[in-house]
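Residue-level structural notes
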Amino acid sequence: MRVDTLTGMRGIAALSVMLYHLPQQPVFAAFRMSLFDRAYLCVDLFFVLSGFVMAIGYRDMMAALPSARRYRDFLRHRLARVFPLHLVVTLAFLLRALVDMSGDGGRLATGDVVANLVMVQSWGLGTTALAGNSWSVSTECVAYLLFPLLAIGVRSRWWQAAAMGAAALLLLVALSGLGVRGPMDVVQRDSILPVLRCLGGFILGMLAQRFAGHPILRGRLDGDAALVVVCTAIALALLIPGGDLIVVLLLPLLILCCSYEGRLARTVLANPVAMRLGIISYSLYLWHPLLRDIAARSVTMAHGRGIVQYDTLAYAALILVTILFCECTYRFVEVPGRRLILRRTPRVAGSAQEAIA
């Protein structure tokens, strides 16, 4: 099964991250919108959402005792989901560094290249993510490797310990003082904290799914009014200086409200535009920094020739071209790559969830 509202949520989150990153290029700074100033928290939404949908998609695996075969097949499905596009994007960023397309004179280290190719670039090893946004994909690989253990903790009678552990991890990140634009915006290459940030959100998502069917919880959160209340609470938390942690702790409630697919949630998140953005969200998330930098270079060159009246058009074209380009890479990289890796591989329970997980 696929939860349409959660697919749309992923799409809106990916678009928000893009609109947060694009104005960080000075040539596009005039297009900054304060609405997206804290959109780095959408990455935390991705972590919580991934834990939630993977707990749905691999429910049977979570309920059964772990086995080497089930674990191997699970990891192969996850690899098929994330690796093909990650490899192509990494090679594209590697090519950019080699030809110095960005104009920043960046240097490559062999360790960075190897770490990126095996997706361990953001495990606190001091290596750099060549494709900047790929740091979060790298940290999610840790959650995949630990998934059976996390499932045991979440499904056991000691789930409260898992909840407190997740909150403690997120608190550690928020109090680290390493946040770039906010307490939770911790992405340092030589720190394990990005991994802990991912694991904390991922566990919260798994816990939210465990109790999604609880009659009392569903009775309180299944409805338009509950969704409005939760969204209002998140909006108020965003007004609190340094209130990132509060926002992240509210995200499981937001996902639960939307997962019940009420009328308001379906209207906002299950419409064709949001759904399509959700389907291509992985491509959108990984590709937009490179396309932004190429566009910024072109606009800067135009400015040097006295052409300054088309910046708005260029910015709108950048957004449109990025979406169309990502539609192509979804169709011609993600889907074929997934099929290639999964050829002759038995389906594991819930692999239908790959579209949103």
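In what follows, the structure referred to is the one given above.
Described below are features of the structure shown in this document. Please read all numbers here as calculations on a predicted model, not as lab measurements.

This part takes up the overall build of the protein chain. Within the protein chain, the secondary structure is distributed over 15 helices and zero strands. Rg of the C-alpha trace for the protein chain: 20 Å, near the compact-globule value of 21 Å for 357 residues, within the 12% margin. Dimensions of the protein chain along its principal axes, counting C-alpha atoms only, are 65 × 45 × 40 Å. Every one of the 357 residues in the protein chain was classed for burial, and the buried ones make up 52%. At a minimum sequence separation of 6, the contacts of the protein chain that also span at least 24 residues come to 77%.

Further remarks concern the packing of aromatic side chains. Tallied over the full model, the rule gives 11 aromatic pairs. Both rings, one in Phe-28 and one in Tyr-315, keep their centres 5.5 Å apart while their planes meet at 55 degrees; by these two values the pair is tilted. Within this pair, whereas Phe-28 is found in the loop between helix H1 (4-21) and helix H2 (41-57), its partner Tyr-315 is found in helix H15 (residues 311-342), the two being separated by 287 residues in sequence. You'll find Phe-28 and Tyr-315 in the same group, each marked buried. What links up through ring pairs into an aromatic cluster is the set Tyr-58, Phe-74, Phe-147 and Phe-202.

Before going further, it helps to examine unusual backbone geometry. Of note in the backbone geometry, Met-119 takes a positive phi value of approximately 65 degrees without being a glycine. Mapped onto the elements of the fold, Met-119 is located in the loop between helix H5 (110-117) and helix H6 (134-155). Backbone geometry places Glu-261, a non-glycine residue, at a positive phi of 55 degrees. Topologically, Glu-261 is positioned in the loop between helix H11 (244-259) and helix H12 (263-269). On the basis of relative accessible area, Glu-261 is assigned to the partly exposed category, the value being 28%.

On to the packing of H1 against helix H13 (residues 272-279), then. At a closest axis distance of 7 Å, the pairing of H1 and H13 adopts a crossing angle of 75 degrees. As judged from the angle between their axes, H1 and H13 are roughly perpendicular. Across the interface between the two elements, Asp-4, Thr-7, Gly-8, Arg-10, Gly-11, Ile-12 and Leu-15 from H1 touch Ala-274, Met-275, Leu-277, Gly-278 and Ile-279 from H13. Across the contact of H1 with H13, the residue classes break down as six nonpolar, four polar and two charged.

This part is about the nonpolar core. By size, the foremost hydrophobic cluster in this structure holds 109 residues, and its most contacted members are Leu-6, Met-9, Phe-28, Phe-52, Met-206, Leu-254 and Ile-255. In terms of residues, this core owes the most to one element, H2, which gives 13 residues. In contact with Leu-254, other than residues within four places in its own chain, are Met-9, Leu-227, Val-230, Cys-231 and Ile-234.

Below, the discussion takes up helix H14 (residues 281-304). In a regular helix each residue adds 1.5 Å, so 24 residues correspond to 34 Å; H14 covers 34 Å between its end C-alpha atoms and thus fits that length. Trp-287 marks the point of greatest bend in H14, at about 45 degrees, and the proline Pro-289 comes within the next four residues. Gly-306 lies just past H14 and shows a positive phi near 85 degrees.

Once that is clear, we can look at the environment of Ala-80. Here Ala-80 shows up in helix H4 (residues 68-99). A sequence separation of 261 residues divides Ala-80 from Ile-341, and the C-alpha atoms of the two residues are 5.6 Å apart. Excluding residues within four positions of it along the chain, Ala-80 makes contact with Arg-338, Ile-341 and Leu-342.

Further remarks concern the state of the cysteines. One pass over the full model with this rule turns up zero disulfides. Here Cys-42 stays free of any disulfide, with the sulfur of Cys-231 as its closest cysteine sulfur at 12 Å. Its sulfur unpaired, Cys-326 is 9.1 Å from the next cysteine sulfur, which belongs to Cys-328. Relative accessible area serves as the criterion here: at 0%, Cys-326 is assigned to the buried category.

Calculation rules
Residues numbered from 1 in each chain as written. Predicted model: local features only at pLDDT ≥ 70, side-chain atom pairs only at ≥ 80, totals over all residues. Heavy atoms only, no water. Helix = DSSP H or I, 4+ residues; strand = E, 2+ residues; numbered from the N terminus. Rg over C-alpha atoms; globule rule 2.2 N^0.38 Å. Buried < 20%, exposed > 50% of the residue type's maximum accessible area, 1.4 Å probe, protein only. Contact = heavy atoms within 4.5 Å. Phe/Tyr/Trp six-rings, centres within 6.5 Å; stacked < 30°, edge-to-face > 60°. Axes fitted to C-alpha atoms, helices over the stretch in contact; angles between N-to-C directions. Parallel < 35°, antiparallel > 145°, perpendicular 65-115°, else oblique. Nonpolar A, V, L, I, M, F, W, Y, C, P; charged D, E, K, R; others polar. Core = buried A, V, L, I, M, F, W, Y, C linked by side-chain atoms within 4.5 Å. Expected span 1.5 Å × (residues − 1). Bend = angle between axes of the 7 residues up to and from the residue. Disulfide = S-S within 2.5 Å.

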